[in-house]
Amino acid sequence: HITPEKFYVEACDDGADDVLAIDRVSTEVTLTVKKDVPPSAVTRPIYGILGTIRLVAGTYLIVITKKKKVGEIFSHAIWKATDFDILSYKKTMLHLTDIQLQDNKVFLSMLNHVLSVDGFYFSTTYDLTHTLQRLANTSPEFQEMSLLERADPRFVWNGHLLREFAAQPEIHRFATPVMHGFITMHSCSINGKCFDWLLVSRRSCFRAGVRYYVRGIDSEGHAANFVETEQIVHYKGSKASFVQTRGSIPFFWSQRPNLKYKPKPQISKSVNHMDGFQRHFDSQIISYGKQMIVNLVNQKGSEKPLEQTFAKMVNSMANGMVRYVAFDFHKECSRMRWDRLQILMDQLAEQQDEFSYFLVDSDGKIVTPQEGRFRSNCMDCLDRTNVIQSLLARRSLQAQLQRLGVLHVGQRIEEQADFEKIYKNAWADNANACAKQYAGTGALKTDYTTGKRTQWGLIMDGWNSLIRYYKNNFSDGFRQDAIDLFLGNYSVDEVEPASPLHVKKDWKFLALPIIMVVAFSMCIICLLMAG
């Protein structure tokens, strides 16, 4: 309910009388009751509060205005947020200069850009940010916490926007933690036995960004494009889960766009790589147990130094919990020899059997924990990584369905045509979602994930590569700034005299375009007057 002085957010649960009152002048947030809402207020339905943010014009409230049901996890509804609204606390913009108005418009367009990227999910009753294994190992006190308090901060994309709500425990239930990534759910049947199959990818908001602007790790050990992917099976009350992760090569390197099709990766020479590297794997071991690194980059050309450095650092760290395998994906599978991926699968089979998967029976008793995780990477941690993750997940699923009694002894998932189609399409959709969020286009090699490598798939890969090239060189700077603003890595200072959006460019910036225009004009004139 909107009035000139306040926003009132009314809880619509049965029997709820709580109303959140947000003062548009003092920005104070308090609890009140329904009868305090003035009848003159303009009323509209919303589905959640994403949070608040300060821009040049003052504070804004971001709300979810449309949602779409994805399905249910153990009877809890899961929603995808499909539309948002950004509401200004200020009733007028007359206090701003023309330049400030322009800046405010740019910052609003940045927020709208982040919100327009597909893949924001939430639930008002279920904690989407934790794996089944993490949720099974929690205390009764944890179960009593609000969703905002108990959520894994790595995967709460509106954590910065909700910081003021987080400071007031009594209003936590009005705050909606939102994750970014991909979720798909399917009710499947094999041998007449029905089970639910789910795929959940959680994108980390630490060191988040776009393809060429964010590579490697930061000083805290957070890796770029870090995504935790969990595959869940639910059959007759028993739940099985297999978790794997992906993330940029975890030391300090960069690959800034410079108009070349593939800019050369640069390994930083001025920092101590081991500190960040050690921090990264310490946190991975705490969160996931043993680590099996699967490095899929090229072992020649510009990617070779990255592979060599990664292998050397794993050896130097000498941690028994971290193992390393390098597989030159492009060389091994060149000329569409996709059968050669089996070489890598055979190499990892013993390790996968040792790691196992998480299984809990219908009484809630843990049968087996997952002892370790595969951490896959290529350069972008998108296309090659997704192919390998889908193969590892299928091998785990084969074992789970046999153990649960869905598959008979000797039966293979690949032979179940209906389920195989669902499986391949879901993994291709997961690849596309992760790629759009990081690289700005759909994934490459999805024709392999959905079936087998085809000539048409190669043409589509070429088209996507072309769009990636354009976006990475000409529009990703804006995308990176937008993400940094949304996540609080950059805060707008209302009183800051010099805006970072206005950088004075001297004649050097204009020299090359002017020369190009003159040269092109002369070329056209020469062609037209050739006679």
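On a predicted model such as this, the values are computed, not experimentally measured, just so you know.

### Thoughts on the sheet that holds strand E1 (residues 6-10)
Pairing between sheet strands relies on hydrogen bonds along the backbone, with the strands arranged either parallel or antiparallel.
Next up, step 1: The three strands are arranged E1-E2-E3 in an open sheet whose pairing can be described as antiparallel. At either margin of the open sheet sits one strand with a lone partner, and together these are E1 and strand E3 (29-33). In this sheet, neighbouring strand axes are inclined to one another by 30° on average, regardless of whether the strands run parallel or antiparallel.
Next up, step 2: With five bridges connecting them, E1 and strand E2 (residues 18-23) associate as antiparallel partners. Bridge pairing in E2 places Lys6 opposite Asp23.

### Quick word on the pattern of salt bridges
Next up, step 1: Going through the model one piece at a time under the given rule, you end up with 28 salt bridges.
Next up, step 2: Ionic pairing is found between Lys66 and Asp83, a salt bridge with its closest N-O pair at 4.0 Å. Highlighted residues: Lys66 in strand E5 (residues 58-73) and Asp83 in strand E6 (residues 76-88), separated in sequence by 17 residues.
Next up, step 3: For Arg479, the salt bridge identified is with Asp476, shortest N-O distance 2.7 Å. In this pair, Arg479 and Asp476 both sit in helix H14 (residues 476-487), three residues apart, roughly one turn of the helix. We note that Arg479, like Asp476, is buried.

### Focus: the packing of aromatic side chains
What describes a pair of aromatic rings is the distance from one ring centre to the other and the angle between the planes of the rings.
Next up, step 1: Applying the stated criterion to the full structure yields 18 aromatic pairs.
Next up, step 2: Ring geometry for Trp197 and Phe419: centres 5.9 Å apart, planes at 85°, overall edge-to-face. Here Phe419 lies in helix H11 (residues 417-438) and Trp197 lies in strand E9 (residues 193-203), a separation of 222 residues in the sequence.
Next up, step 3: Assessed through its relative accessible area of 2%, Phe419 is described here as buried.
Next up, step 4: With 6.4 Å between their ring centres and 25° between their planes, Tyr261 and Tyr469 make a pair best called stacked.

### What about the UniProt feature "domain: SAC" (unreviewed entry) in the chain?
Next up, step 1: As recorded in UniProt, the sites labelled "domain: SAC" (unreviewed entry) are residues 111-440.
Next up, step 2: Taken end to end, residues 111-440 is 35% helix and 22% strand, and its two terminal C-alpha atoms sit 16 Å from one another.

### Remarks on the UniProt feature "transmembrane region" (unreviewed entry) in the chain
Next up, step 1: Under the UniProt annotation, "transmembrane region" (unreviewed entry) lies at residues 509-530.
Next up, step 2: The distance separating the terminal C-alpha atoms of residues 509-530 is 33 Å; by composition the span is 91% helix and 0% strand.

### A short note on helix H6 (residues 273-288)
In an α-helix, one turn spans 3.6 residues, which is why side chains three or four residues apart end up on the same side.
Next up, step 1: Taking 1.5 Å per residue, 16 residues should reach 22 Å; H6 reaches 22 Å between its end C-alpha atoms and fits that length.
Next up, step 2: Taken residue by residue, H6 has His273, Gly276, Phe277, His280, Phe281, Gln284, Ile285 and Tyr288 as its buried positions. All buried residues of H6 project into a common sector of 165° when viewed along the axis, lining one side.
Next up, step 3: Between the side-chain oxygen at the start of H6 and the backbone nitrogen of Met274 there is a gap of 3.0 Å, and the oxygen is on Asn272.
Next up, step 4: Directly after H6, the chain includes Gly289, whose backbone phi takes a positive value near 85°.

### Overview of the environment of Ala519
Next up, step 1: Within the secondary structure, Ala519 is located in helix H15 (residues 507-528).
Next up, step 2: Taking relative accessible area as the criterion, Ala519 reaches 45% and is therefore assigned partly exposed.
Next up, step 3: Distance from Ala519 to Asp85, taken between C-alpha atoms, is 47 Å for residues 434 residues apart in sequence.

### A word on the packing of helix H1 (residues 98-116) against H14
Next up, step 1: The interhelical angle for the contact between H1 and H14, taken along N-to-C directions, is 90°, at an axis separation of 8 Å. For the element pair H1 / H14, the angle class is roughly perpendicular. Residues Phe107, Ser109, Met110, Leu111, His113, Val114 and Leu115 of H1 form the contact with H14, whose own contacting residues are Phe478, Arg479, Asp481, Ala482, Ile483, Leu485 and Phe486.
Next up, step 2: For the contact of H1 with H14, a count of residues per class yields 10 nonpolar, two polar and two charged.

### Describing the pairing of E3
Next up, step 1: Of the strand pairs in this sheet, E2 and E3 are connected by five bridges, and their pairing is antiparallel. Across the sheet, the residue bridging to Val19 is Thr32, located in E3.
Next up, step 2: Linkage of E2 to E3, two consecutive antiparallel strands, is achieved through a turn of five residues, within which Thr27 is found at a positive phi near 65°.

Scoring rules and cut-offs
- Residues numbered from 1 in each chain as written.
- Predicted model: local features only at pLDDT ≥ 70, side-chain atom pairs only at ≥ 80, totals over all residues.
- Heavy atoms only, no water.
- Pairing = 2+ DSSP bridges.
- Helix = DSSP H or I, 4+ residues; strand = E, 2+ residues; numbered from the N terminus.
- Axes fitted to C-alpha atoms, helices over the stretch in contact; angles between N-to-C directions.
- Salt bridge = Lys/Arg side-chain N within 4 Å of Asp/Glu carboxyl O.
- Buried < 20%, exposed > 50% of the residue type's maximum accessible area, 1.4 Å probe, protein only.
- Phe/Tyr/Trp six-rings, centres within 6.5 Å; stacked < 30°, edge-to-face > 60°.
- UniProt positions renumbered as here; feature names shortened; annotations may be inferred.
- Expected span 1.5 Å × (residues − 1).
- Arc of directions from axis to C-beta.
- Polar contact = N/O pair within 3.5 Å; in protein donor to acceptor, adjacent residues only side chain to side chain.
- Parallel < 35°, antiparallel > 145°, perpendicular 65-115°, else oblique.
- Contact = heavy atoms within 4.5 Å.
- Nonpolar A, V, L, I, M, F, W, Y, C, P; charged D, E, K, R; others polar.

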